[in-house]
Amino acid sequence: MSNESDVNVCFCNKVMVERMCWYGSNAGRRSLNCPDGSRGCGYIHWIEEPLEERAAIIIEDLKKQMTRQANQHVFEMEELMHSFNISILTDSGDDDKDDDDDDDEGTDEDDHED
């Protein structure tokens, strides 16, 4: 007789984790896995039946597109941060203060002329 709590324990006697497969013929399927993966017992219990081949291909393609878009976003953010850091490093704080003081003086002069 099996205890229901034993269902979620792998052969390493650890609580299994739920994962989603994104690639290959099992794309789109959820499973319960050994938390240590191949370093542990490698046990996998599929929660869902396999999808039709076409559905698995579509899921895999969508995941690849999402990954490419995420990588592109990270690349663009890194470029933006790099250019921002360069502009900060090339600007000196003293120059900014002088520019601000000049602007204030110009504003004062404009106020006096009116």
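Residues numbered from 1 in each chain as written. Predicted model: local features only at pLDDT ≥ 70, side-chain atom pairs only at ≥ 80, totals over all residues. Heavy atoms only, no water.

J.: What's the story with the overall build of the protein chain in this structure? I'm lost.
T.: Within the protein chain, the secondary structure is distributed over two helices and three strands. If you list the helices and strands of the protein chain from N to C, you get β-β-β-α-α. The 114 residues of the protein chain split such that 10% are buried. Restricting the contact set of the protein chain to residue pairs at least 6 apart, pairs at least 24 apart contribute 31%. (Helix = DSSP H or I, 4+ residues; strand = E, 2+ residues; numbered from the N terminus. Buried < 20%, exposed > 50% of the residue type's maximum accessible area, 1.4 Å probe, protein only. Contact = heavy atoms within 4.5 Å.)

J.: Quick question: what am I supposed to make of the sheet that holds strand S2 (residues 30–33) here?
T.: Pairing between the strands of a sheet comes from backbone hydrogen bonds, and it takes one of two forms, parallel or antiparallel. Across the sheet, which stays open at both edges, the three strands sit in the order S1-S2-S3 with antiparallel pairing between neighbours. The open sheet has two edge strands, strand S1 (17–20) and strand S3 (44–46), and neither has a second partner. Direction aside, the axes of adjacent strands within the sheet are offset by 30° on average. Pairing of S2 with S3 involves three bridges; the strand directions are antiparallel. Note that in S3 the partner of Asn33 across the bridge is Ile44. (Pairing = 2+ DSSP bridges. Axes fitted to C-alpha atoms, helices over the stretch in contact; angles between N-to-C directions.)

J.: Could you clarify how one ought to interpret the confidence of the model for the protein chain in this entry?
T.: Close inspection of predicted coordinates is inappropriate for parts of the model with low pLDDT. For the protein chain, the mean per-residue pLDDT works out to 79, and 68% of the residues sit at or above 70. No element of the protein chain has a lower mean pLDDT than helix H2 (residues 93–113), which averages 51, and none a higher one than S2, which averages 95. With pLDDT under 50 throughout, residues 1–5 is counted as low confidence; its partners more than four residues away or in other chains account for zero contacts. (pLDDT = per-residue confidence, 0-100.)

J.: What exactly am I supposed to notice about a nonpolar patch on the surface here?
T.: Together, Met20, Trp22 and Tyr23 make up a nonpolar patch on the protein surface, roughly 280 Å² of accessible area in all. Mapped onto the elements, Tyr23 comes out in the loop between S1 and S2. Under the relative-accessibility criterion, Tyr23 is labelled partly exposed at 39%. (Patch = residues over 30% accessible without salt bridge, like charges linked within 9 Å, V, L, I, M, F, W, Y side chains within 5 Å. Areas by Shrake-Rupley, 256 points an atom, 1.4 Å probe, with all protein chains shown as cover. Salt bridge = Lys/Arg side-chain N within 4 Å of Asp/Glu carboxyl O.)

J.: I'm lost on the side chain of Glu60 in this one. Help?
T.: Turning to its location among the elements, Glu60 is positioned in helix H1 (residues 53–90). Among all residues touching Glu60, those that are not within four sequence positions of it are Trp22, Tyr23, Gly24 and Ala27.

J.: Help me understand the environment of Gly40 in this model?
T.: One can find Gly40 in the loop between S2 and S3. On the basis of relative accessible area, Gly40 is assigned to the partly exposed category, the value being 24%. Sequence separation between Gly40 and Cys12 is 28 residues; the distance between their C-alpha atoms is 6.7 Å. If near-sequence neighbours (up to four positions away) are discounted, Gly40 is found in contact with Cys12 and Cys34.

J.: Just to check I follow, could you spell out the pairing of S2 for this structure?
T.: In regular strands, side chains alternate between the two faces of the sheet. In this structure, S1 lies alongside S2, joined through four bridges in antiparallel fashion. Following the sheet pairing, Met20 is matched in S2 by Arg30.

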